[in-house]
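Survey of secondary and tertiary structure
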Amino acid sequence: MKNHQTQVRVRYSETDQMGVVYHGNYVPYFEIGRVEWLRNKGISYKSMEESGIGLPIVSMQINYKKSARYDELLTIHTAFKSQSSVKIEFDCAIYNETGELLTTAVFILVFISLKTGRPTAPPDYILELFKTLV
């Protein structure tokens, strides 16, 4: 339950003239992975925002190992790593169609009140989810 996988196909607009994915486009791929991880756990990021809670990235570390290319079907692995009072940490990886590891990343996000912009405790339904992941 800590892990989730989702897939995305590389679009032409995400590549350079050589058909290689531009490095900045990996961040949205990882975002797709995190949003789908939440959805898989029954949590809608949209609903969370509508209730006044945001989850911005405060730290990310990305390690590029091999290039993704145009039209490849990528598998995004998202794994819950840890949670503290207001932070959540994920380990992530992207693989190509042949199972080669392309990119790894670690993301730290903080729960914030969209009203104040200040860190806040996660909602109760997310705290309940965390209890099942420990």
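Further up the page is the structure itself.
Parameters and conventions
Residues numbered from 1 in each chain as written. Predicted model: local features only at pLDDT ≥ 70, side-chain atom pairs only at ≥ 80, totals over all residues. Heavy atoms only, no water. Helix = DSSP H or I, 4+ residues; strand = E, 2+ residues; numbered from the N terminus. Rg over C-alpha atoms; globule rule 2.2 N^0.38 Å. Buried < 20%, exposed > 50% of the residue type's maximum accessible area, 1.4 Å probe, protein only. Contact = heavy atoms within 4.5 Å. Areas by Shrake-Rupley, 256 points an atom, 1.4 Å probe, with all protein chains shown as cover. Lys, Arg positive; Asp, Glu negative; His and termini not counted. Charge placed at Lys NZ, Arg CZ, Asp CG, Glu CD. Phe/Tyr/Trp six-rings, centres within 6.5 Å; stacked < 30°, edge-to-face > 60°. Polar contact = N/O pair within 3.5 Å; in protein donor to acceptor, adjacent residues only side chain to side chain. Pairing = 2+ DSSP bridges. Axes fitted to C-alpha atoms, helices over the stretch in contact; angles between N-to-C directions. Salt bridge = Lys/Arg side-chain N within 4 Å of Asp/Glu carboxyl O.

Turning next to the overall build of the protein. The helix and strand inventory of the protein stands at 3 helices and 7 strands. Helices (α) and strands (β) of the protein occur, in sequence order from the N terminus, as β-α-α-β-β-β-β-β-β-α. Expected size for 134 residues packed as a compact globule is a radius of gyration near 14 Å; at 16 Å, the protein falls within 12% of this value. In terms of overall dimensions, the protein has a C-alpha envelope of 45 × 30 × 25 Å along the principal axes. Evaluated residue by residue, the protein yields a buried proportion of 39% over its 134 residues. Considering only contacts within the protein whose residues lie at least 6 apart along the sequence, 66% involve residues at least 24 apart. Per element, the accessible surface of the protein, about 7600 Å² overall, is 50% carbon and sulfur. Considering the protein, the positive charge centre built from 15 side chains and the negative charge centre built from 14 side chains are found 5 Å apart.

On to the packing of aromatic side chains, then. All told, the structure shown has 8 aromatic pairs when counted by the stated rule. Plain terms: the ring middles of Phe80 and Phe130 are 5.6 Å apart, the flat faces sit at 25° to each other, and that makes the pair stacked. Residue Phe80 is located in strand β4 (residues 73-83), and its partner Phe130 is located in helix α3 (residues 124-133); the two are separated by 50 residues in the primary sequence. Side by side, Phe80 and Phe130 carry an identical accessibility label, which is buried.

This paragraph deals with the environment of Thr132. Within the secondary structure layout, Thr132 lies in helix α3. Taking the C-alpha atoms as reference points, Thr132 and Thr6, 126 residues apart in sequence, are found 21 Å from one another. A polar contact is formed between the side chain of Thr132 and the backbone oxygen of Leu129, at a distance of 2.6 Å.

Here we have 5 strands laid out as an open sheet, ordered β1-β4-β5-β6-β3, and antiparallel in their pairing. A single partner strand is all that each edge strand has here, and the edge strands are β1 (3-9) and β3 (57-64). On average, adjacent strands in this sheet sit at an angle of 20° to one another, irrespective of strand direction. Here β3 pairs with strand β6 (residues 101-110) via 7 bridges, running antiparallel. In the sheet register, Ile57 faces β6, and the bridge partner there is Leu109.

Once that is clear, we can look at the pattern of salt bridges. According to the stated counting rule, one finds 6 salt bridges in the structure shown. Put simply, Glu36 and Arg39 hold a salt bridge, and the shortest N to O gap is 3.2 Å. Placement of the pair is Glu36 and Arg39 together in helix α1 (residues 26-40), with a separation of 3 residues, close to one helical turn. Overall, the relative accessible area of 48% leaves Arg39 in the partly exposed class. Lys131 is paired through a salt bridge with Glu128; the nearest N and O atoms lie 3.2 Å apart. Here Lys131 pairs with Glu128, and both are found in helix α3, just 3 residues apart, close to one helical turn. Of the residues examined, Lys131 reaches a relative accessible area of 59% and is grouped as exposed. Residue class for Glu128 comes out partly exposed when judged on its relative accessible area of 44%. Salt bridges sharing partners connect three or more residues here, namely Lys81, Glu89 and Asp91.

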